[in-house]
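In case you want the letters, here they are:
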Amino acid sequence: MTGLSTLLIVVGLFLAGGVYSFSKQKMPRSLIVLLAIASAMCLVAGILRIQGIWE
C-alpha cells in the first residue's frame, strides 16, 4: 500500500502549497484554515501508513 501512502503525501503537499498561495492572495481565513487542516490530515495519514501504524 505504498502507492496510497505516496498519494496521500502528495495531496497533502499540494494542499500545503494551496495554503501558501491562498495566504499570499489574502483569501478568506476560514478557507485557509480548512485547507491547512486537510493538508495536515493527508500528510499524517500518509506517514502513518508508511510506518505501518495505521493500515
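Above this text you will find the structure in question.
Not measured: the values here are computed from a predicted model.

Each value, and the rule that gives it
- Residues numbered from 1 in each chain as written.
- Predicted model: local features only at pLDDT ≥ 70, side-chain atom pairs only at ≥ 80, totals over all residues.
- Heavy atoms only, no water.
- Axes fitted to C-alpha atoms, helices over the stretch in contact; angles between N-to-C directions.
- Helix = DSSP H or I, 4+ residues; strand = E, 2+ residues; numbered from the N terminus.
- Parallel < 35°, antiparallel > 145°, perpendicular 65-115°, else oblique.
- Left-handed = near helix turned anticlockwise from the far one by under 90°.
- Expected span 1.5 Å × (residues − 1).
- Buried < 20%, exposed > 50% of the residue type's maximum accessible area, 1.4 Å probe, protein only.
- Contact = heavy atoms within 4.5 Å.
- Patch = residues over 30% accessible without salt bridge, like charges linked within 9 Å, V, L, I, M, F, W, Y side chains within 5 Å.
- Areas by Shrake-Rupley, 256 points an atom, 1.4 Å probe, with all protein chains shown as cover.
- Salt bridge = Lys/Arg side-chain N within 4 Å of Asp/Glu carboxyl O.

K.L.:
Would you mind showing me how to read the packing of helix α1 (residues 2-24) against helix α2 (residues 29-51) here?
P.N.:
Axis angle and axis distance: for two packed helices, these are the angle between their axes and the distance between the axes, and together they describe the pair. Here α1 crosses α2 at 155°, and the two axes come no closer than 8 Å. Relative to α2, the element α1 lies roughly antiparallel. Where α1 crosses over α2, the two elements pack in a sense that is left-handed.

K.L.:
I tried to follow α2 on my own but got confused; where do I start?
P.N.:
Helical geometry note: an α-helix holds 3.6 residues per turn, so side chains three or four residues apart project in the same direction. Over its 23 residues, α2 extends 33 Å from the first C-alpha to the last, a length consistent with the 33 Å expected when each residue adds 1.5 Å. Along α2, the positions that sit buried rather than exposed are I32, L35, S39, C42, A45, G46 and R49. Buried residues in α2 make contact with α1. G52 sits one or two positions beyond α2 and adopts a positive phi of about 80°.

K.L.:
I would appreciate a short explanation of unusual backbone geometry in the present structure.
P.N.:
Note on backbone geometry: most residues besides glycine have negative phi, and most peptide bonds are trans. Positive phi outside glycine occurs at K26, with the angle close to 60°. Looking at where K26 falls in the secondary structure, it is placed in the loop between α1 and α2.

K.L.:
Can you help me understand a nonpolar patch on the surface in this one?
P.N.:
Residues L4, L7 and V11 make up a contiguous nonpolar surface patch of roughly 230 Å² in combined accessible area. Relative to the helices and strands, L4 is located in helix α1. Under the relative-accessibility criterion, L4 is labelled partly exposed at 37%.

As far as function goes, none of this settles anything; it's purely spatial.
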